[in-house]
Amino acid sequence: MPANLTPEYMEAERRFKAATTSEEKLAALEEMMATIPRHKGTEKMQADLKRRISKLRTEQARKPVSRAGIIHRIDKEGAGQVALAGPPNGGKSMLVRQLTHAMPEVADYPFTTRVPMPGMMKFEDIQIQLVDLPPVHPDFPESWLYQIIRNADALIQVVDLSDPDILEDLETTLGQLAQAKVHIGAGEVPNATGWLVKRSLLVANKLDIDGASEMFELLKDLYGWRFEMLPVSAATGQGLDELRLQAFDLLEVIRVYTKAPGKKLEMTAPYILERGSRLIDLATHVHHDFLSQLKYARVWGHGKFEGQMVNRDYLLADKDVVELHR
Ligand SMILES: Nc1nc2c(ncn2[C@@H]2O[C@H](COP(=O)(O)OP(=O)(O)OP(=O)(O)O)[C@@H](O)[C@H]2O)c(=O)[nH]1
Ligand SMILES: [Mg+2]
């Protein structure tokens, strides 16, 4: 019996043949199924279509939760961006909950976090952006995770002091980072193109659990040469003030305040500049006219004469107050 296929069916079949992704294939097959004439002559074709559709649907259901094609990225905000990276269940999300107003899900099973979540952490008079991330583990192979890590200004590597597999987990994290050509801590950086060295801090979490201090000592013996380390407890808050301070230190930035000549200083939001910035860097940041017009500045700050006159090459320090003169 002739199949008497309709133009709609033929069109869908053409799209199926041209399809390159499984989503496109599935959509075309469903269209073919919807437009195929239903009679005895097409029964075998209908059964064949059904089988192919069901096979593709099963394949798609097995894909990771974050569906193919979804890319996450986090725009930087505040004085700098610090990403939290580490094995599953280490307490990254709980740390972000404690240190910021963000509310990522915390649970006692691994792979709770599937998408990145930023939060702003207050440090003295500035805000530092923390980014909670899914675990760095071979079972979470999304490339956007490593893109975020590569793009961050610094990393906090979180490990779990109550985990008997802590050393293995740490090596797994380092292995995954190495695959993404990210090097952290001291030690030799592979001599190949594309490698990035990220400033980092190892935060050893769950200090409140029995045996954690001993585990921290062991960790220090083994990795102290390579990483700056800080023991904390997200649960009790122990060490978290020190964490804020060290996170600021990781960013390698300074805060500089400006005041108008003849006016009283009002401590407003500071300018954030890279460590090593000179007076002229600040001045051009404030207004590009200063590049040609800056004559000198007066500086108030720790270890300086109050109101000391400085020139454009003056090396700025954290918390300097500067009065620019043209
Ligand atoms: N005792 C104790 N438990 C903690 C501490 N920090 C986190 N936890 C617990 O550890 C478990 C995992 O915490 P999460 O914050 O979800 O861990 P995570 O690193 O974000 O895990 P993933 O999202 O799977 O990568 C939860 O049951 C937390 O309550 C801590 O300092 N002390
Ligand atoms: Mg998490």
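Relevant structure appears above.
Position numbers for residues start from 1 in each chain and track the written sequence from start to end. As they are written, the chains are lettered A onward and the ligands numbered 1 onward, keeping that order. With pLDDT at 70 or above as the cut-off, local features in this predicted model cover only qualifying residues; side-chain atom pairs require 80 or more to be listed or tallied, and sums for whole chains, interfaces and linings still use all residues. Values reported for side chains reflect all heavy atoms of the structure, with hydrogen atoms and water molecules removed beforehand.

## Points about the packing of aromatic side chains
Argument step 1. Pairing of aromatic side chains requires ring centres within 6.5 Å, counting the rings of Phe and Tyr and the six-membered ring of Trp. Pairs whose planes differ by under 30 degrees are stacked, by over 60 edge-to-face, and all others tilted. Taken as a whole and assessed by the stated rule, the structure comprises three aromatic pairs.
Argument step 2. Centroid distance Phe-123 to Phe-248: 4.8 Å. Interplanar angle 25°. Geometry classified as stacked. Highlighted residues: Phe-123 in strand β2 (residues 117–123) and Phe-248 in helix α8 (residues 240–251), separated in sequence by 125 residues. Each member of the pair, Phe-123 as well as Phe-248, is classed as buried.
Argument step 3. Measuring from ring centre to ring centre gives 5.8 Å for Phe-140 and Trp-144, while their planes differ by 80°; the resulting arrangement is edge-to-face.
Argument step 4. Burial classes: relative accessible area under 20% of the type maximum marks a residue as buried, over 50% as exposed, and values in between as partly exposed (1.4 Å probe, protein chains only). Owing to a relative accessible area of 2%, Phe-140 belongs among the buried residues under this scheme. Strands here are runs of E lasting at least two residues and helices are runs of H or I lasting at least four, both read from the DSSP assignment and numbered beginning at the N terminus.

## Describing the site of ligand 1
Argument step 1. The environment of ligand 1 is formed by 23 residues, the closest being Lys-92, Ser-93, Phe-111, Thr-113 and Asp-208.
Argument step 2. In the environment of ligand 1, an oxygen atom lies 2.9 Å from a nitrogen or oxygen atom belonging to the backbone of Gly-91.
Argument step 3. Here a polar contact is recorded for every N or O atom pair within 3.5 Å, except that within protein the pair must consist of a potential hydrogen donor and a potential acceptor, and residues adjacent in sequence are included only if both atoms are side-chain atoms. One of the backbone N or O atoms of Asp-108 is found 3.5 Å from an oxygen atom in ligand 1.
Argument step 4. Under the grouping applied here, Gly and all other residues not named as nonpolar or charged are polar, the nonpolar ones being Ala, Val, Leu, Ile, Met, Phe, Trp, Tyr, Cys and Pro and the charged ones Asp, Glu, Lys and Arg. Here the shell around ligand 1 is built from residues that sort into eleven nonpolar, eight polar and four charged. We define proximity as follows: a residue is near a molecule or strand when any one of its heavy atoms falls within 4 Å of that partner.

## Re unusual backbone geometry
One can expect most non-glycine residues to show negative phi and most peptide bonds to be in trans.
Argument step 1. Within the chain, Asn-89 stands out as a residue other than glycine whose phi angle is a positive 75°.
Argument step 2. According to the relative accessible area criterion, Asn-89 is partly exposed, its value standing at 31%.
Argument step 3. The backbone phi angle of Glu-252 is positive, close to 55°, even though this residue is not glycine.
Argument step 4. For Glu-252, the position within the fold is in the loop between α8 and β8 (253–258).

## A short note on the coordination of the magnesium ion (ligand 2)
Argument step 1. Note on donors: an N, O or S atom is included if it sits within 2.8 Å of the metal, or within 3.2 Å for Na, K and Ca, and water is never included, so sites can look incomplete. Around the magnesium ion (ligand 2), the donor atoms from the protein are Ser-93 (OG) and Thr-113 (OG1), and they sit 2.0 Å away. Placement of the pair is Ser-93 in helix α4 (residues 92–99) and Thr-113 in the loop between α4 and β2, with a sequence separation of 20 residues.
Argument step 2. Assessed through its relative accessible area of 9%, Ser-93 is described here as buried.
Argument step 3. Classification of Thr-113 by relative accessible area gives buried; the value is 12%.

## Some points on the nonpolar core
Most often, soluble globular proteins keep nonpolar side chains buried together rather than apart.
Argument step 1. As used here, the term nonpolar core means buried Ala, Val, Leu, Ile, Met, Phe, Trp, Tyr and Cys residues forming a set that is joined through side-chain atoms within 4.5 Å. In this structure, Leu-145, Ile-149, Leu-161, Leu-170, Leu-202, Leu-219 and Phe-227 are the most contacted members of the largest nonpolar core, which totals 33 residues.
Argument step 2. Within the residue set of this core, elements represented by two or more residues are β1 (81–85), α5 (143–151), β4 (154–160), α6 (166–179), β5 (182–184), β6 (196–205) and α7 (212–223).
Argument step 3. Not counting residues up to four positions away in its chain, the partners in contact with Leu-202 are Gln-157, Val-159, Leu-170, Leu-219, Phe-227, Glu-228, Met-229 and Leu-230.
Argument step 4. One finds Ala-79, Phe-123, Val-232 and Ala-247 within the second-largest nonpolar core, a separate group that totals 27 residues. The criterion used for residue contact is that any of the two residues' heavy atoms lie within 4.5 Å.

## Remarks on the pattern of salt bridges
Argument step 1. The working definition used for a salt bridge is a side-chain nitrogen of Lys or Arg within 4 Å of a carboxyl oxygen of Asp or Glu. A complete count under the given rule lists 17 salt bridges for this structure.
Argument step 2. For the salt bridge of Asp-75 with Arg-73, the shortest nitrogen-to-oxygen distance reads 2.9 Å.
Argument step 3. When its relative accessible area of 48% is taken as the criterion, Asp-75 is described as partly exposed.
Argument step 4. For Arg-73, a relative accessible area of 63% corresponds to the exposed category.
Argument step 5. The salt bridge partner of Arg-255 is Glu-124, with a shortest N-O separation of 2.8 Å. Of this pair, Arg-255 sits in strand β8 while Glu-124 sits in the loop between β2 and β3 (126–132), and the two are 131 residues apart along the sequence.
Argument step 6. Glu-124 sits in the partly exposed class, given a relative accessible area of 42%.
Argument step 7. Look at the salt bridges and you will find they share partners, linking Glu-124, Asp-125, Arg-255, Asp-318 and Lys-319 into a network.

## As for the side chain of Thr-100
Argument step 1. Take Thr-100: it is sitting in the loop between α4 and β2.
Argument step 2. The exposure class assigned to Thr-100 is buried, which follows from its relative accessible area of 8%.
Argument step 3. Within the structure, the side chain of Thr-100 is placed 2.8 Å from the backbone oxygen of Val-96, a separation counted as a polar contact.
Argument step 4. A polar contact of 2.9 Å, which involves the side chain of Thr-100, links it to the backbone nitrogen of Ala-102.
Argument step 5. The residues touching Thr-100, leaving out its near neighbours within four places in the chain, are Gly-119, Met-120, Met-121 and Leu-130.

## Brief notes about the packing of α6 against α7
Argument step 1. Only the stretch in contact is used when fitting a helix axis, every axis being a line fitted to C-alpha atoms; angles between N-to-C directions are given from 0 to 180 degrees. It is the contact of α6 with α7, at a shortest axis distance of 11 Å, that shows an interaxial angle of 45°. Here α6 lies oblique to α7, going by the angle between them. Like other packed secondary-structure pairs, α6 and α7 cross with a definite hand, here right-handed. Taking contact as the criterion, the partners of Ile-166, Leu-167, Leu-170 and Glu-171 in α6 are, on α7, Met-215, Leu-218, Leu-219, Leu-222 and Tyr-223.
Argument step 2. A breakdown of the residues in the contact of α6 with α7 according to their chemical character gives eight nonpolar, no polar and one charged. For classification purposes, angles smaller than 35 degrees are called roughly parallel, those larger than 145 roughly antiparallel, those between 65 and 115 roughly perpendicular, and all remaining angles oblique. Left-handed describes a crossing whose near helix is turned anticlockwise from the far helix through less than a right angle; right-handed describes the clockwise counterpart.

By themselves, these observations are geometric and do not establish any function.
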